[in-house]
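What follows is each chain in one-letter form.
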Protein chains: 2
Amino acid sequence: MRFYRRSDFNHDLTAGLVLGVITIPQAIAYAFLAGLPPQAGLYASLVPMLLYAIFGSSRKLVVGPVAIAALMVAATVSEHARPFSDDYLGITAILCLQAGIFLWILRLTKMGGVVNLLSHPVISGFVNAAALLIIVSQLNAITGLSQSISVNPFIDLYSVYLQRPDWNLVAIFLGLLSLALLWVLNNYSHFLLRLFKPDIAAQHPLTNLGPLVVAVFATLVVFVFSLDARWELTTVGFIPEGLPKFNIPPADISLWLALAPSSAMIALVSYVESYSIGSTLATRENTRLNPHQELIALGAANISAAFTGGYPVAGSFSRSSVNYSAGGKTPVSSIICAFVIVIALLWLTPLFAYLPHAALAAIIVVSVLGVVDISGLRNQMKFYRHDAYVHIVTFLGVVFISVESGILMGVLLSIGFFVRRSSRPHIAIVGRIGSSNHFRSTKRHQVETFDLIAAIRIDENLYFANANQIENRLNKIIAHKKGMRHLLIVFSSISFIDTTGLEMLMRVCQTLDTLNIKLHLSEVKGPVMDQLENSNFLDTLSGTLYFSTDQAMSELQKEIDPFRVKQHEIDLGQGS
Amino acid sequence: MRFYRRSDFNHDLTAGLVLGVITIPQAIAYAFLAGLPPQAGLYASLVPMLLYAIFGSSRKLVVGPVAIAALMVAATVSEHARPFSDDYLGITAILCLQAGIFLWILRLTKMGGVVNLLSHPVISGFVNAAALLIIVSQLNAITGLSQSISVNPFIDLYSVYLQRPDWNLVAIFLGLLSLALLWVLNNYSHFLLRLFKPDIAAQHPLTNLGPLVVAVFATLVVFVFSLDARWELTTVGFIPEGLPKFNIPPADISLWLALAPSSAMIALVSYVESYSIGSTLATRENTRLNPHQELIALGAANISAAFTGGYPVAGSFSRSSVNYSAGGKTPVSSIICAFVIVIALLWLTPLFAYLPHAALAAIIVVSVLGVVDISGLRNQMKFYRHDAYVHIVTFLGVVFISVESGILMGVLLSIGFFVRRSSRPHIAIVGRIGSSNHFRSTKRHQVETFDLIAAIRIDENLYFANANQIENRLNKIIAHKKGMRHLLIVFSSISFIDTTGLEMLMRVCQTLDTLNIKLHLSEVKGPVMDQLENSNFLDTLSGTLYFSTDQAMSELQKEIDPFRVKQHEIDLGQGS
């Protein structure tokens, strides 16, 4: 803080003001999505945002209500209480407190790395599924039906729409109008802005004011034409004015136990979301995020949300981007934003009363459409097919079972694929390329090989899941190459051996002994050498430990030179 | 069979006869351990052994009743019925049939590789735990108490022995005498044999006749002194003479479902046991086992055991070793052995009536003591500490929870450790050794490095669990090396990249772009190159793809030569 400069403050002031006016409609919309009263969204943007600004290691990340956490709250809490009820608010507070505590536990036990198990396909599958669930859940609001939030919005879709309900045509019209307006503003607002200031950039922060404009416009329309009274249009209604009050989450052991798995999942997802946004922004300005510090800061933010009537918070992608592009330099912009929200809570709440749910639904739908990632699936299918399967399984699991089950299925499947892949390692017979000192696969390069020497590169660590497979492959090569006298295993890709792998190596060594073939190793890395020195393998090794494959082959060649028979010429393959 | 020679038959005849007289006391003892009538053990040695001899791919493996399968049967079936009852026999038949079907399913779905998940520490932990459970379960028989078999023998130990029972001193005496006699025969019988034939080897097959001698001796003692009537000593009693009858396992859906997990585990353990013994013997004579064929043969053996009143069978370590050392050449030795058992079943069953349980218990205890492996744990602790933890967890799980839970815990823990280890990869900054073309870690070797170029070798596949970690480490290196112009990543140990790893690489590339550092790759393997060509990574790569690190460093050095500043001299570490 001592280094805080006046010029920074000017930047932070602008960014903070823009952030404030963007946050208010978003916060109300996400509270609505979560099944909470509108003020819960505003409360969640206040103390949690300030605590993160103080403790967080990112200078640009804006923490507060986000769509995905809102969806997870709705899915979890609606199993235990009716949305928009007091019980519902209490259960949300428990969820929030548990998520914060879970993040702190991860920090204390140094288990933060567990989030790395959420692979990219799991996260993109989850985000796409969440987007679909959110959009479906907003259909009711846009068509003017009562806001029922159930465990799975598809059940709503089926039960509500098959009963041919009386749609509120005014709500549908207002919803579609809001969608259209938002689409125009999101894509073309820089053209509008250029009418006033010709040199404005396409990514100018003011282009993010679409939701605010739509909210103000829809509120005015409802107010002027009294749509709420005359057409039974549902609106935000009464918001108690004033700052959040301190309240303690209910202490109900069975409820706490029932919520714990969901809380843990909310905590993990929030952490992954925040961390990935934060580190993306940090990278842009060549600074780094401290993962431990992030756990503490995000934990504190969630715990404070629990005691101030908010709901689980995370780093917001849209608001953090706005903060960055509006030129926010330090967390002071978050403090300015908090001021704007305080002012809104103290004096502006009556203005929100006429804000229609249909417009909020439109804001939510447009904001989640921005995170849908279909091209990711296509890339996964092209690059590593199994990642696409993980994506699809996670997606289906989240849509049709639950967020937790879907993510868990995705994680287990990706671990399963990883173990399965490493249990079928690539094993290449290598030979010298021309007269160079490079040794490459006989399948891809024109290389020199010998009948009496086989050089084999194993492209995987030796461990329990692949030990049998590797032994079988080596035995096949040995059986195939009659009259072989030396087997050289190139260890360049082996970084680790477990005891099952070691046993296998020793068995191979024994087998070769009985066949009078010598086993040699080359390019053994330091850490693997340390391991081997801790076993009696080196005593039983019949051959030599060579520093390089080049050296090994030269010396072995000298030894067998008189027997040198023939040279394979194999077609040059692609790749290097 | 066409190639079967007369000399082979002579060898097979001898081996088969020795095998037969060894099998009979073992089969009765293991049936007793499983909670089954004595003939079940003999039946299990008959048709299953013959079927394996026909279908199996090992010429030396002897399939039949084994101690570990017996223990697993006792643990599973005693939950559903009283040992030695008819219901118990029926449930055992279901277990047996399911195990066989499961093995065939593994073959049909080509999922046989799943047994590779049973790592060496899991198996040794399980075997040690099973040995302990078996020994404890035999205490009752040795002390002359009623043979109650419960889910966990420790519960017996506690409930029976704390009630200060009336121990049968004759049983204890006979049990201890049998133990002592077995110990002497197992360790010193070659000295006895040398009295008759001085040049006999210490490993001669006749040295395995200890159990037979003890069984005959104990039977005679009981018969001569009428110990069963006068001292209430429990003996094997009546065995129905004649061959096994065909019987169909009961069809009870709920029972079938309840037994399925145990059956699957018995099938897996039996397969692993058989396969590892079979491949050890095959290796000794330089032949190979066909894993698919083994699944079919072992499946057939188990299914036949179900229909002929036997119980789950597997390859027997002790009897296969005897077959090997007695000079058995082909599966004909198993057929001879079957003849011996047929003769015993037809005419010798009255002789077994006086065989005391105490002597059988002694035979079981001594045979399982032979498989206990404590040094394995010590080696695991030394070579790879986490394998020792897996061993201990499996051991405790099997002893205190159940065989299935223990093995499952061990497998999950070993997968967990594997993922955890690969998520914290070894990353080395490498440099040129002298003027050679070898590049090694700066931490272990005296190498040449440059301020403007960093060469980094990542010793692990790039995938979701380590992508973040690797990115953080790379960012640290970048931040640490001020003024760097080139980053070379040596891909020699990378055999595979998933989409999370690819995203990370592309982020690193972007970060480096903003810092005006070029990213180069070297020693990219064929399969990885194929992957990268399927993505747009190569288009975004700012630097060059070099064939070798040597070439990369030479060319980069030329480029920066005027700026060449200093050369690190780092102490020569151990290892290569």
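None of the values given here were measured: they were computed from a predicted structure.

**Comments concerning the overall build of chain A**
Helix and strand counts for chain A stand at 23 helices and 9 strands. The principal-axis extent of the C-alpha atoms belonging to chain A is close to 100 × 55 × 45 Å. Each of the 576 residues in chain A was classed as buried or not, and the buried ones make up 52%. Residue pairs at least 24 apart in sequence account for 82% of intrachain contacts in chain A once pairs closer than 6 positions are excluded.

**A few points about the packing of helix 8 (residues 169–196) of chain B against helix 15 (residues 357–369) of chain B**
All names here are of chain B. In the contact formed by helix 8 and helix 15, the axes pass within 8 Å of each other and the chain directions differ by 40°. Compared by their axis directions, helix 8 and helix 15 come out oblique. Helix 15 is crossed by helix 8, and the crossing has right-handed handedness. The residues of helix 15 that touch helix 8, namely those facing Ala-171, Leu-174, Gly-175, Ser-178, Leu-179, Leu-182, Trp-183 and Asn-186, are Ala-358, Ala-359, Ala-361, Ala-362, Ile-363, Val-365 and Val-366. The residue makeup of the contact of helix 8 with helix 15, split by class, is 12 nonpolar, 3 polar and no charged.

**Considering the domain arrangement of chain A**
By convention, interface size is frequently given as the accessible area that disappears when the constituent parts associate. Taken domain by domain, chain A comprises domain 1 (28–417) and domain 2 (427–563). Each of domain 1 of chain A and domain 2 of chain A has a C-alpha centre, and the two are 55 Å apart.

**What to know about the environment of Met-504 of chain B**
Residue and element names in this part refer to chain B. Structurally, the position occupied by Met-504 is in helix 20 (residues 499–514). Taking the C-alpha atoms as reference, Met-504 lies 8.5 Å from Ile-470; in sequence the two are 34 residues apart. For Met-504, the contacting residues outside a window of four places in its chain are Leu-462, Ala-467, Ile-470 and Glu-471.

**Quick word on the confidence of the model for chain A**
When pLDDT is averaged along chain A, the result is 84, and 92% of the positions lie at 70 or above. Here the predicted complex scores 0.81 on pTM and 0.79 on ipTM.

**Looking at the interface of chain A and chain B**
Each side of the interface is counted separately: chain A has 61 residues, and chain B has 61 residues. Looking at the side of chain A that touches chain B, the elements with two or more residues in it are helix 6 (120–142), helix 16 (375–383), helix 18 (403–422), helix 19 (464–480), helix 20 (499–514) and helix 21 (526–533) of chain A. Ranked by residue count, the leading element in the side of chain A that touches chain B is helix 20 of chain A, at 7 residues. Split by residue class, the side of chain A that touches chain B holds 18 nonpolar, 31 polar and 12 charged.

**Brief notes about the packing of helix 1 (residues 6–34) of chain A against helix 13 (residues 317–325) of chain A**
Residues and elements named next belong to chain A. For the pair helix 1 and helix 13, interaxial distance at closest approach is 9 Å and the crossing angle is 155°. In terms of orientation, helix 1 lies roughly antiparallel with respect to helix 13. Crossing of helix 1 against helix 13: the hand is right-handed. Along its contact with helix 1, which presents Ala-15, Val-18, Leu-19, Ile-22 and Thr-23, the element helix 13 presents Arg-319, Val-322 and Asn-323. Per-class residue counts for the contact of helix 1 with helix 13 are 5 nonpolar, 2 polar and 1 charged.

**Some points on helix 23 (residues 549–560) of chain B**
All names here are of chain B. When the terminal C-alpha atoms of helix 23 are compared, their 16 Å separation across 12 residues agrees well with the 16 Å that a helix rising 1.5 Å per residue should span. When we look at burial in helix 23, the residues that qualify are Thr-549, Ala-552, Met-553 and Leu-556. Along the axis of helix 23, the buried positions cluster into a sector of 90°, meaning they face one direction only. Those residues of helix 23 that are buried lie in contact with strand 3 (427–433), strand 4 (439–441), strand 6 (453–458), strand 7 (486–490), strand 8 (518–522) and strand 9 (545–546).

**Considerations on helix 21 of chain A**
Residues of helix 21 of chain A that are buried: Gly-526, Val-528, Gln-531 and Leu-532 of chain A. Buried residues along helix 21 of chain A sit against helix 22 (537–540) of chain A together with helix 16 (375–383) and strand 4 of chain B.

**Some thoughts on the relation of the copies chain A and chain B**
Mapping chain A onto chain B calls for a rotation angle of 179° and an axial translation of 0.0 Å; the resulting RMSD is 0.1 Å. On the angle and the small slide along the axis, the relation comes out as a two-fold axis. If distances are taken from each C-alpha of chain A to the rotation axis, the shortest is found for Ser-493 of chain A, at 2.0 Å. A high fraction, 100%, of the interface residues of chain A reappear at the interface in chain B, so the copies pair face to face through one surface.

**Observations concerning the environment of Leu-212 of chain A**
Residue and element names in this part refer to chain A. Within the secondary structure, Leu-212 is located in helix 9 (residues 210–225). Spatially, the C-alpha atom of Leu-212 lies 66 Å from that of Asn-472, the residues being 260 residues apart in sequence. Sequence-distant contacts of Leu-212, defined by excluding residues within four places in its chain, comprise Val-21, Ile-22 and Pro-25.

**Looking at the environment of Thr-308 of chain B**
All names here are of chain B. If you trace the backbone, Thr-308 turns up in the loop between helix 12 (291–307) and strand 2 (314–315). When the 20 C-beta atoms within 10 Å are taken as the criterion, Thr-308 is described as buried. For the pair Thr-308 and Leu-243, spaced 65 residues apart in sequence, the C-alpha to C-alpha distance is 9.2 Å. Excluding residues within four positions of it along the chain, Thr-308 makes contact with Tyr-43, Val-47, Pro-244 and Phe-246.

**Points about the pairing of strand 6 (residues 453–458) of chain A**
In the case of a regular strand, side chains alternate between the two sheet surfaces. Residues and elements named next belong to chain A. For strand 6, the buried fraction is high: 5 of the 6 residues fall into the buried class. In this structure, strand 6 lies alongside strand 7 (residues 486–490), joined through 5 bridges in parallel fashion. Bridge pairing links Ile-453 to His-486 in strand 7. One crossover worth recording links strand 6 to the parallel strand 7 by way of helix 19, and it is right-handed.

**Describing unusual backbone geometry**
Residues other than glycine seldom take positive phi values, yet Glu-523 of chain A does so here, at roughly 55°. For Glu-523 of chain A, the location among the structural elements is in the loop between strand 8 (518–522) and helix 21. At Lys-110 of chain B, a position not held by glycine, the phi torsion is positive, near 55°. Tracing the sequence through the fold places Lys-110 of chain B in the loop between helix 5 (86–108) and helix 6 (120–142).

Criteria and thresholds
- Residues numbered from 1 in each chain as written.
- Chains lettered and ligands numbered in written order.
- Predicted model: local features only at pLDDT ≥ 70, side-chain atom pairs only at ≥ 80, totals over all residues.
- Helix = DSSP H or I, 4+ residues; strand = E, 2+ residues; numbered from the N terminus.
- Buried ≥ 20, exposed ≤ 12 C-beta atoms within 10 Å, placed from the backbone.
- Contact = placed C-beta atoms within 7 Å.
- Axes fitted to C-alpha atoms, helices over the stretch in contact; angles between N-to-C directions.
- Parallel < 35°, antiparallel > 145°, perpendicular 65-115°, else oblique.
- Left-handed = near helix turned anticlockwise from the far one by under 90°.
- Nonpolar A, V, L, I, M, F, W, Y, C, P; charged D, E, K, R; others polar.
- Domains from an automatic or database assignment.
- pLDDT = per-residue confidence, 0-100.
- Expected span 1.5 Å × (residues − 1).
- Arc of directions from axis to C-beta.
- Least-squares fit on C-alpha atoms with pLDDT ≥ 70 in both.
- Pairing = 2+ DSSP bridges.
- Right-handed = clockwise from strand over helix to strand, strands pointing away.

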